[in-house]
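A closer look at the structure
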Amino acid sequence: LRYKDAYQALIMASLIERETPMQSERPKIAGVLLLRLRKGMRLQVDPTVKYAMNKPYSYRLKRSNLTYPSAYNTYLHYGLPPTPIALPSFSSIHAALHPDRDKVLYYVANGDGSHTFSSTFKQHKVAVQQYRRVQKKLMQQKKKTRETSAKE
C-alpha cells in the first residue's frame, strides 16, 4: 500500500466512506483510488469538494464547483487531502487496508448509491453518458409530477 502512515490510511478510509454507502463496493473504490495515487493521477473525489465547500453530502455538485479553491479539492490537487473528511466505518477502514487489485481507474455513480466501474477512459465516458441520460429522465419525471400536482 502507498500510505506513509496510519493517518493517511484513515484519510483514504474517510474518502471511501463518503464515496459509497455500499459496503460491497468499498474495496473496489479503494483499489481505484490507490491505483490513481500510484499512477500520479488526481483522485477526483466529489465528496472532497462538498467538504471543502461545507455543503451537505446530498448537495448536487455543479461543474463550476470542481474548481473551488481548497487543499481538500482532489480535482485541483494531487494526492490525499490534508485530513479525513468524515469518520470512517470499520468497513471503509478495512477496504483502505485491503483494496481490490483490479486495474480499474474510473467509476461513476448510478444514482442509487452504486457505481459503474471502468478500466478505460472510453468505457468511463459511456458510463457517464448513461448516468446523465438516467438523471435527465428522472428530472423530467419529477417535473411532470410537479405539473400534475399543480393542476389538481
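Preceding this section is the structure that the text describes.
Source: prediction; values computed, not measured.

The rules behind the values
- Residues numbered from 1 in each chain as written.
- Predicted model: local features only at pLDDT ≥ 70, side-chain atom pairs only at ≥ 80, totals over all residues.
- Heavy atoms only, no water.
- Helix = DSSP H or I, 4+ residues; strand = E, 2+ residues; numbered from the N terminus.
- Buried < 20%, exposed > 50% of the residue type's maximum accessible area, 1.4 Å probe, protein only.
- Areas by Shrake-Rupley, 256 points an atom, 1.4 Å probe, with all protein chains shown as cover.
- Lys, Arg positive; Asp, Glu negative; His and termini not counted.
- Charge placed at Lys NZ, Arg CZ, Asp CG, Glu CD.
- Axes fitted to C-alpha atoms, helices over the stretch in contact; angles between N-to-C directions.
- Parallel < 35°, antiparallel > 145°, perpendicular 65-115°, else oblique.
- Left-handed = near helix turned anticlockwise from the far one by under 90°.
- Contact = heavy atoms within 4.5 Å.
- Nonpolar A, V, L, I, M, F, W, Y, C, P; charged D, E, K, R; others polar.
- Phe/Tyr/Trp six-rings, centres within 6.5 Å; stacked < 30°, edge-to-face > 60°.
- Lys NZ or Arg CZ within 6 Å of the ring centre and 35° of its normal.
- 1 Å grid on protein atoms, 1.4 Å probe; cavity = no way out; pocket = protein on both sides within 12 Å on 5 of 7 lines; lining within 4 Å.
- Points joined across faces, edges and corners; volume = space filled by probe spheres on them.
- Core = buried A, V, L, I, M, F, W, Y, C linked by side-chain atoms within 4.5 Å.
- Pairing = 2+ DSSP bridges.

A word on the overall build of the chain. Secondary structure assignment for the chain yields five helices and two strands. Mapped from its N terminus to its C terminus, the chain presents α and β elements in the order α-α-α-α-β-β-α. Overall, the chain is about 60 × 30 × 30 Å in size when its C-alpha atoms are taken along their principal axes. Each of the 152 residues in the chain was classed as buried or not, and the buried ones make up 40%. Total accessible area on the chain is roughly 9500 Å²; 53% of this is exposed by carbon and sulfur atoms. Distance from the positive charge centre (27 side chains) to the negative charge centre (10 side chains) of the chain: 8 Å.

With that settled, the discussion passes to the packing of helix α1 (residues 6-19) against helix α4 (residues 90-97). Running from amino to carboxyl end, α1 crosses α4 at an angle of 120°, the nearest separation of the two axes being 8 Å. In this view, α1 runs oblique relative to α4, as classed from their interaxial angle. Seen along the crossing, α1 lies across α4 with a hand that is right-handed. Packed against α1, whose contacting residues are A9, M12, A13, I16 and E17, the element α4 presents S92, I93, A95, A96 and L97 at the interface. In terms of residue class, the contact of α1 with α4 is built from eight nonpolar, one polar and one charged.

Right, let's get into the packing of aromatic side chains. All told, the structure shown has three aromatic pairs when counted by the stated rule. Their ring planes at 45° and their centres at 5.8 Å tell us that Y107 and F117 sit as a pair that is tilted. Placement of Y107 in strand β1 (residues 106-109) and of F117 in strand β2 (residues 115-118) is noted, with a sequence separation of 10 residues between them. Assessed through its relative accessible area of 10%, Y107 is described here as buried. Directly above the ring of F117 sits K28, whose terminal nitrogen or CZ lies 5.4 Å from the centroid.

In total, this model carries one cavity of 30 Å³ or more according to the counting rule given. Residue lining of the largest cavity: K28, G31, V32, D100, D102 and V104, and that is the complete set. When its residues are assigned to classes, the lining of the largest cavity shows two nonpolar, one polar and three charged.

Below, the discussion takes up the nonpolar core. Core analysis: the biggest nonpolar cluster contains 23 residues, and M12, L15, I16, L33 and Y107 have the highest contact counts within it. Contributing elements (two or more residues each) for this core: α1, α2 (26-39) and α4. Here this core takes six residues from α1, the largest share from any one element. Leaving out residues up to four positions away in the same chain, L33 has contacts with M12, L15, I16, L43, V45 and Y107.

Below, the discussion takes up the pairing of β2. Pairing of β1 with β2, which is carried by four bridges, proceeds in the antiparallel orientation. Of the residues in β2, the one forming a bridge with V108 is T116.

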